[in-house]
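Below, each chain spelled out in residue letters.
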Amino acid sequence: MLTKFETKSNRVKGLSLHPKRPWILASLHSGVIQLWDYRMGTLIDRFDEHEGPVRGVHFHKSQPLFVSGGDDYKIKVWNYKLRRCLFTLLGHLDYIRTVQFHHESPWIVTASDDQTIRIWNWQSRTCISVLTGHNHYVMCASFHLKEDLVVSASLDQTVRVWDISALKKKGVAPSEDLMRLTQMNSDLFGSGDAVVKYVLEGHDRGVNWASFHPTLPLVVSGADDRQVKLWRMNDTKAWEVDTLRGHVNNVSCVMFHARQDIIVSNSEDKSIRVWDMSKRTAVQTFRREHDRFWILAVHPEMNVLAAGHDSGMIVFKLERERPAFAVQGGSLFYIKDRHLRTYDFSAQKDNPLISLRRPGAPALNQAPRFLSYNSAENAVLLCSDIDGGSYELYVIPKDMTGKSDITPDSKRGLGAAAVFVARNRFAVLDRNHNQVLVKDMKNDITKKCNLPVPTSDIFYAGTGNLLCRSEDKVVLFDVQQRSTLGELTTPFVKYIIWSHDMENLALLSKHAIIITNKKLVHKCTVHETIRVKSGGWDESGVFIYTTLNHIKYCLPNGDNGIVRTLDVPIYITKVSKNTLFCLDRDGKNRVIQIDPTEYSFKLALLQRKYDQVLQMIQNMKLCGQSIIAYLQQKGFPEVALHFVKDEQTRFNLAIECGNTAVAVASAKEIDDKDCWHRLGVEALRQGNYEIVEYAYQKTKNFERLSFLYLITGNTEKLSKMLKIAEMRSDVMGQFHNALYLGDVQERVRILEESGHIPLAYATAKTHGLTDVIGRLEELLDGSLPYTPSLEKCCLLMPPKPIVLDSNWPLLTVNKGFFDGAFGEPGTADIEEEEGAQGAWGEELDLAVVENGDHEDDDLVVVEKGLSLESGEGDEEEGWEMEDLELPAELAVADVVPTSSAYFVVPPSGIPPGQAWVQTSSLAGEHAAAGSFDTAMRLLNRQLGIKNFEPLRSVFLELHLASHTYLPTMVSLPVLPLALERGWSETTSPSARGIPALVYRLSSLEEKLKVAYKTTTEGKFTEALRLFINILHTIPVVVVDSRKEVDEVKELLGIAKDYALALRIELKRKDPALKDDVLRQAELAAYFTHCNLQATHLKLSLQSAMSICFKAKNYGTAATFARRLLELNLPPQVATKARQVLQVGEKNPKDEMQLNYDPRNPFVVCGSTFTPIYRGSRDVSCPYCRARFVAETVGSMCSICDLAVVGSNGSGLLCSSTQVR
């Protein structure tokens, strides 16, 4: 059984598979109906209008309808598109067991515990027939797919077949009077529309299920007598063919498979059984541990089944549908219908080669699952699951024309996998001994090689090499040298596909694709939510792959996308330009045309083949938001501009790539305040003052405009801004402009007119304006404000800018490849204007309307030479350029300059910290980048850490130590510089490394030595501080190799053990326990069971021995003495231990009963300091792995003070080798 989808829910009583879509309906005992997409594994919808269990549910064949029946006696017809119940049919008087739509007529058949079967017309919403005859609950009823028959099963131990042909004729309008008369008589005398054709008796108990074969005159039934019976019928009678025995409890449901000659049944004995219909024997049995099965559903066309049980349902297949195939040169070799066939890609011709041996015992999954072809010997290896894994070696005779029915002799053997590794050698995997057997063409062993990892499958990897697959990695193994050439950690790999030149490799797992080179150096990984089925390499190096419902592509850098959708799954055999060759699940060769434009365009962009990119843009139809988003993401917004007609999108792209000319043109079309504001911000970033000024004028942002004139030193326009503020009655604007201009008299006037007389007086007094002071004193009427007497004072004037009234100088670089290639509006024209007239807008003049007629206070812009608004200005001004009417023979082709120079803004680039965060999953590197939030999230997910206060100083030290700061000029801030490790003089300047970290494994090992020494000296408080510091540093340590990862984990264990031991010892020395001799003895005993160094273990045993001896616990003291004598002791200590042991052996009694059993293994709880004996329930810290009693779950770990006890964590991640 190949499980495709599984759900957890209440008991599933009814199932129905959609005939076209990958959907399944499940009706539950709770009254809910669930609609699932079993391909995607998602719940689409749920319907819960029934009261009580829903036992039957069924999809309509063509309409967006389904019908349900439940214990509320109601039949409901639903529209899943409208997501509601359309109507309810009432008539049954007891629970409804099953419901089913007719495949042609607008009928529904229902079976009920009221001992009747009813047929309903769902269009007229009426009951058109009631079938009576059963004398117990009717457990199921269903229509025949082709004939006018209904089969029903009942607890009265019978199966009945009903003839409904009269009902069918009644539904058709009669064309002759005789037919009308016959029908009238039939209705009058009550012969009925449906009559019993056969009554099948043979079961000893109630029958739970009966169903028709889709094409043959067969019926299968299952009953409470634990038997499955097969019945045959003809025109006159029906009889029992055979009984299938094997179930050990009631048979719940039984059905014929739609495409194979098998019967599938399930039972309350928690099993699903598969029976061979012709041999009437059990083929396979699938069991669940705790769940009884209740219902089965079989897809009418596909190899998909579903079963409902006590805790949900499963969707499954009985055997693999992927045909075994291999591609060699221009030919495909594959297996179909027990024949080895070949397919010529160029001629598109299919030919059978040889017939294959049929397996002896009937079983499923015996078809070859893997094929390996050897062109030198014209031989094939076929691997299958027969006998737990076996292979067959066929040598194909040279002339097999017209002899495809001949089965040549084959050489067989046992092995989990077999693959050719050389011209006349093949390798066989022996899983039992984890070795590869190299055999020759005579099937004789020539060499045995032990494999470096536990291997579950092997693949070809070039002459003499194998790829060995284990659960979590793939290893490249050289059979000749018996050495490992490469290794890569991956999800469980199912298939591998080599590129045509054997330089690149695609590893396909269930939901991921890993692209590597031939040495297993990782390039990229693509994750999919739907199962990956197959793949093939395009000639250009793009990997094309299929999922269940899409053909997709993957570029060498990991970018992927959809090529087209699929109706049914396919298996790619070859990709050639825009043609895709594949096999379907029936083993038929199919040729699919695909459009490679999108991935070819992206590949050319990735490989910087800009001439191809330009040609594709000009000749092909590339459009859509995905292309625009991709170009933006990859840093080509100027190319994306070519695809966009929407002005808002053009404006956004122009702002992103810094193309202010296009941005101005788009902003004029949009004429939105927010666009002008964004344009002003971008132009200011570039130092293009003219555009900034224009944008501020369009938004009437007078404050920013005044400040712009201030920083550019344009005092003339500042004066005009002062007049404009006065016209607008903007007092603060007037004052600011006067302040910018250094005009004291104007400031005094503004203050006086606005009523701030004291401020006006203080300003005049300070600046010595004697002609104004007298008048202001009279207005103040003697109450003069205090003004300090300043001997040396001067008027504060704004400093003159370094760059005066012109744009900032920008870098001069050659034009990019795409600049001007598309003839963008607003680019070439602007350059011509610059060449003719200089910086446009330089002669900008502000004309102030003096008469006060200023509607909306608009600022009137007057230009000399060039107008900012297109179409404005005097026609007589400007350069008189007229086209010359030249003769045709003098016409020359347009000359495009090969290169030109212009000003561009240097790109800002990605900050190093951001690059570190994007490329790393290690918390230490995130903290070094200053991204404390993501570092905390990583530690929480990996180690369950919740308390980050102890890590605050660690994070800050990491961040500060990974940066240095370069001082600049006095008025400017310092420049932060990122420090990266692994740098050398050959490193590319644009390459981003990994951060230099202050905490290293070597420094922690030095700290551990100091902590050991401090412990030996008896400074337990200081030693505990050192070990806790190690525990707080390990989460952010980064190492380079797997060996160092193991050392870090070992260090973590040591620090945890010592932190626990020292906490126990400090607890024992607590003054509060001074008089509690019993507790002191217990803690001393627990101290000796911590994992300590031999030196410290001696000291702990001596201490525990002394405490117990003084407390007259001679038996326990003797235990410690015995352990102490096993160690290498000084003579004096050994003598003392022997004396204690003698006393203990003479008098093995204990004065006090300790909670301590040295013979029962235990660990010490880090919170309560009590023993947790083996077999007792406990919880642990997800970070330090300290153990605690179960009652402490949810509390903070008292050992590391970081993580929550009992929470989950994926594990310590301290090296990039763990995440590749």
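Residues numbered from 1 in each chain as written. Predicted model: local features only at pLDDT ≥ 70, side-chain atom pairs only at ≥ 80, totals over all residues. Heavy atoms only, no water.

S.K.: It is not clear to me how the overall build of the chain should be interpreted in this structure. Could you clarify?
M.R.: Broken down by element type, the chain carries 28 helices and 67 strands. Every one of the 1220 residues in the chain was classed for burial, and the buried ones make up 49%. Look at the contacts in the chain between residues 6 or more apart in sequence, and 48% of them connect residues 24 or more apart. Of the accessible surface of the chain, which amounts to about 61,400 Å², a share of 50% is contributed by carbon and sulfur atoms. (Helix = DSSP H or I, 4+ residues; strand = E, 2+ residues; numbered from the N terminus. Buried < 20%, exposed > 50% of the residue type's maximum accessible area, 1.4 Å probe, protein only. Contact = heavy atoms within 4.5 Å. Areas by Shrake-Rupley, 256 points an atom, 1.4 Å probe, with all protein chains shown as cover.)

S.K.: Explain empty space enclosed by the protein here, please?
M.R.: To find leftover empty space, one rolls a probe the size of a water molecule over the atoms. Throughout the structure, instances matching the rule amount to four cavities of 30 Å³ or more. Roughly 160 Å³ of internal volume is contained in the largest cavity. Partitioned by chemical class, the residues of the lining of the largest cavity number seven nonpolar, no polar and six charged. (1 Å grid on protein atoms, 1.4 Å probe; cavity = no way out; pocket = protein on both sides within 12 Å on 5 of 7 lines; lining within 4 Å. Points joined across faces, edges and corners; volume = space filled by probe spheres on them. Nonpolar A, V, L, I, M, F, W, Y, C, P; charged D, E, K, R; others polar.)

S.K.: I tried to follow the packing of aromatic side chains on my own but got confused; where do I start?
M.R.: The way to describe two aromatic rings as a pair is by their centre distance and the angle between their planes. A complete count under the given rule lists 28 aromatic pairs for this structure. Centroid distance Y553 to Y599: 5.5 Å. Interplanar angle 40°. Geometry classified as tilted. Remark: Y599 occurs in helix α3 (residues 597–606) and Y553 occurs in strand β51 (residues 550–554); sequence separation between them is 46 residues. Just as Y553 is buried, Y599 falls in that class too. Following the ring pairs from residue to residue traces out a cluster consisting of W23, F47, F59, F66, W78 and Y80. In this structure, K237 packs its charged tip against the face of W239, placed 5.4 Å from the ring centre. When the ring centre of Y495 is taken as origin, the NZ or CZ atom of R322, which lies over that ring, is 3.7 Å away. (Phe/Tyr/Trp six-rings, centres within 6.5 Å; stacked < 30°, edge-to-face > 60°. Lys NZ or Arg CZ within 6 Å of the ring centre and 35° of its normal.)

S.K.: What exactly am I supposed to notice about the pairing of strand β7 (residues 65–70) here?
M.R.: Looking along a regular strand, one sees the side chains alternate between the two faces of the sheet. With six of six residues buried, β7 is to be regarded as a mostly interior element. Of the two faces of β7, the one lined by L65, V67 and G69 and the one lined by F66, S68 and G70 are each fully buried. Across five bridges, strand β6 (residues 54–59) lies against β7 in antiparallel orientation. Residue pairing in the sheet places V54 in a bridge with G70 of β7. (Pairing = 2+ DSSP bridges.)

S.K.: I tried to follow the pattern of salt bridges on my own but got confused; where do I start?
M.R.: In a structure, side chains of opposite charge can pair up when their charged atoms sit close to one another. Taken as a whole and assessed by the stated rule, the structure comprises 45 salt bridges. The closest approach of N and O atoms between D291 and R288, which form a salt bridge, is 3.0 Å. In the salt-bridge network here, residues are joined through shared partners; they are R259, K317, E321, R585 and D586. (Salt bridge = Lys/Arg side-chain N within 4 Å of Asp/Glu carboxyl O.)

S.K.: What is the right way to read helix α11 (residues 702–712) from this model?
M.R.: Count 3.6 residues to each turn of an α-helix, and residues three or four apart come out pointing the same way. Turning to α11, its buried residues are F702, L705, S706, L708, Y709, L710 and T712. Trailing α11 by a residue or two, G713 shows a phi angle of about 75°, which is positive.

S.K.: I keep staring at the packing of α3 against helix α4 (residues 610–619) and nothing clicks. Help me out?
M.R.: In helix packing, the relevant descriptors are the interaxial angle and the interaxial distance, both defined with respect to the helix axes. Two elements in contact, α3 and α4, have axes whose closest approach is 8 Å; the angle formed by their N-to-C orientations is 150°. In terms of crossing hand, the pair formed by α3 and α4 is left-handed. Residues T597, S600, F601, A604 and L605 of α3 pack against Y610, Q612, V613, M616 and I617 of α4. Tallied by class, the residues present in the contact of α3 with α4 amount to seven nonpolar, three polar and no charged. (Axes fitted to C-alpha atoms, helices over the stretch in contact; angles between N-to-C directions. Left-handed = near helix turned anticlockwise from the far one by under 90°.)

S.K.: What exactly am I supposed to notice about the nonpolar core here?
M.R.: The tendency in soluble globular proteins is for nonpolar side chains to be buried side by side. Of all hydrophobic cores here, the largest spans 96 residues; its most connected members are L1031 and Y1183. At twelve residues, the largest contribution of residues to this core is made by helix α24 (residues 1042–1068). Leaving out residues up to four positions away in the same chain, Y1183 has contacts with L943, L1031, I1034, P1035, L1052, C1200, L1202 and A1203. Counting residues in each nonpolar core, the second largest holds 61 residues, with I570, A667, C675 and L708 among its members. (Core = buried A, V, L, I, M, F, W, Y, C linked by side-chain atoms within 4.5 Å.)

S.K.: Hey, could you run me through a nonpolar patch on the surface in this one?
M.R.: On the surface, a nonpolar cluster with roughly 370 Å² of combined accessible area is contributed by L956, L960, Y965 and V974. Tracing the sequence through the fold places Y965 in strand β60 (residues 963–966). The exposure class of Y965 is partly exposed, given its relative accessible area of 41%. (Patch = residues over 30% accessible without salt bridge, like charges linked within 9 Å, V, L, I, M, F, W, Y side chains within 5 Å.)

S.K.: What is the right way to look at the confidence of the model for the chain in this model?
M.R.: Atom-level detail of predicted coordinates should not be read off regions where pLDDT is low. On average, the chain scores 83 in pLDDT, and the residues at 70 or more come to 86%. Throughout residues 173–191 the model reports pLDDT below 50, and contacts reaching past four residues in sequence, or to other chains, amount to eight contacts. This model gives residues 824–884 a pLDDT under 50, and the stretch forms 74 contacts once residues within four places in sequence are excluded. (pLDDT = per-residue confidence, 0-100.)

S.K.: Mind showing me how you'd approach the side chain of S920 here?
M.R.: Structurally, S920 can be placed in the loop between α18 (912–919) and α19 (923–928). Here S920 falls in the buried class, since its relative accessible area comes to 10%. Ignoring any residue separated from it by four or fewer positions in sequence, one finds S920 in contact with E925 and H926.

S.K.: What should I look at first to understand the packing of helix α23 (residues 1020–1033) against α24 in this one?
M.R.: Here α23 crosses α24 at 150°, and the two axes come no closer than 9 Å. As summarised for this structure, α23 and α24 are arranged roughly antiparallel, according to the angle between their axes. Classified by chirality, the crossing of α24 by α23 is left-handed. Across from F1020, T1021, A1023, L1024, F1027, I1028, I1030 and L1031 in α23, the residues of α24 making contact are L1051, L1052, A1055, K1056, Y1058, A1059, L1062, R1063, E1065 and L1066. When its residues are assigned to classes, the contact of α23 with α24 shows 14 nonpolar, one polar and three charged. (Parallel < 35°, antiparallel > 145°, perpendicular 65-115°, else oblique.)

S.K.: Where do I start with the side chain of H963 in this structure?
M.R.: As for its placement among the helices and strands, H963 is situated in strand β60. At 3.1 Å, the side chain of H963 and the side chain of S962 are in polar contact. Among residues more than four places away in sequence, those in contact with H963 are W916, A928, L977, A978 and L979. (Polar contact = N/O pair within 3.5 Å; in protein donor to acceptor, adjacent residues only side chain to side chain.)

S.K.: Would you mind going over the pairing of strand β22 (residues 251–256) with me for this structure?
M.R.: Counting buried residues along β22, six of its six residues qualify, which places the element largely inside the surrounding structure. Of the pairings in the sheet, the one linking β22 to strand β23 (residues 262–267) comprises five bridges and is antiparallel in character. When the bridges of β23 are listed, M255 appears paired with V264. Between β22 and β23, which pair antiparallel and follow one another directly, the connecting turn spans five residues.

S.K.: Even after reading the chapter, I still don't get the sheet that holds strand β50 (residues 543–547), so can you show me in this structure?
M.R.: The strands making up a sheet associate through backbone hydrogen bonding, with each pair oriented either parallel or antiparallel. Taking strand neighbours across the sheet as the criterion, the four strands line up as β49-β50-β51-β52 in an open arrangement whose pairing is antiparallel. The outermost strands of the open sheet, each flanked by one partner alone, are β49 (532–537) and β52 (560–565). Neighbour-to-neighbour, the strand axes of the sheet open up by a mean angle of 25°, direction not taken into account. Sheet analysis places β50 next to β51, joined by four bridges and oriented antiparallel. If you follow I544 over to β51, its bridge partner there is Y553.

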